[in-house]
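Structural overview
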Amino acid sequence: RMTDISAAMLLEQLKKIDFITKKRIENADYLSKELGRIKGIKVPVVKKGNKHVFHQYTVKVEDDFKLSRDELMKHLNKNGIGSAVYYPKPLHLCKNFIEFGYKKNDFPVAEKLSNQVLSLPVHPSLTKEELDYVINTIKNT
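Summarised in this report is the structure supplied together with it. A quick note: this is a predicted structure, and the numbers were derived from the prediction, not measured.

**Here we look at helix α5 (residues 128–139)**
With 12 residues, α5 ought to run about 16 Å at 1.5 Å a step, and its terminal C-alpha atoms sit 16 Å apart, in line with that. Leu 131, Val 134, Ile 135, Thr 137 and Ile 138 are the residues of α5 that are buried. The arc that holds every buried residue of α5, seen down its axis, measures 165°, which confines them to one face. The inward-facing, buried residues of α5 contact α2 (17–35), β1 (41–42), α3 (69–78) and β3 (117–120).

Here it is as structure tokens:
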């Protein structure tokens, strides 16, 4: 259940939803254009005719990048850039799915990907300079 305070905040945020969504998309587009040039960083793809609002901007840190995902996350955090792993386990290894009999190595691709994904800042209040700082911090690892 939502509190009255939470509801009041939500109503105010909903008045800005178009701006927030537009800004997130712009930030994600800029990040993708620049980060997509870095060997070993795979950026999200939005197929033609689709729209992504980028609640999260998640990249894949591939094996041929200079650092592992966890090393990159430490490097970013050391440089004042928040990053996070929102889904550290694939579903089949989560507590609620154990009763179905799944175990480690049942879905090796999902397990590998869960160790490669990293979410970067994309929120609407980021400036171009801050986005460039994120990009350059990843480039200059």
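On we go from here.
**Overview of the pattern of salt bridges**
Within the structure shown, the criterion is met by 10 salt bridges. We note a salt bridge from Lys 104 to Glu 111, for which the minimum N-O separation is 4.0 Å. Classification of Lys 104 by relative accessible area gives exposed; the value is 59%. Its salt-bridge partner being Lys 128, residue Asp 132 comes within 2.9 Å of it at the nearest N-O pair. Pair noted here: Asp 132 and Lys 128 are both in helix α5, with a separation of four residues, about one helical turn. If you follow the salt bridges from partner to partner, you end up with Lys 33, Glu 34 and Arg 37 in one network.

**Remarks on the packing of aromatic side chains**
Under the criterion given, the structure shown has four aromatic pairs. With 5.9 Å between their ring centres and 40° between their planes, Phe 54 and Tyr 57 make a pair best called tilted. Accessibility classification places Phe 54 together with Tyr 57 in one group, the buried group. Consider the rings of Tyr 102 and Phe 107, whose centres lie 5.5 Å apart with planes at 65°: the pair is edge-to-face. What links up through ring pairs into an aromatic cluster is the set Phe 97, Phe 100, Tyr 102 and Phe 107.

Scoring rules and cut-offs
Residues numbered from 1 in each chain as written. Predicted model: local features only at pLDDT ≥ 70, side-chain atom pairs only at ≥ 80, totals over all residues. Heavy atoms only, no water. Helix = DSSP H or I, 4+ residues; strand = E, 2+ residues; numbered from the N terminus. Expected span 1.5 Å × (residues − 1). Buried < 20%, exposed > 50% of the residue type's maximum accessible area, 1.4 Å probe, protein only. Arc of directions from axis to C-beta. Contact = heavy atoms within 4.5 Å. Salt bridge = Lys/Arg side-chain N within 4 Å of Asp/Glu carboxyl O. Phe/Tyr/Trp six-rings, centres within 6.5 Å; stacked < 30°, edge-to-face > 60°.

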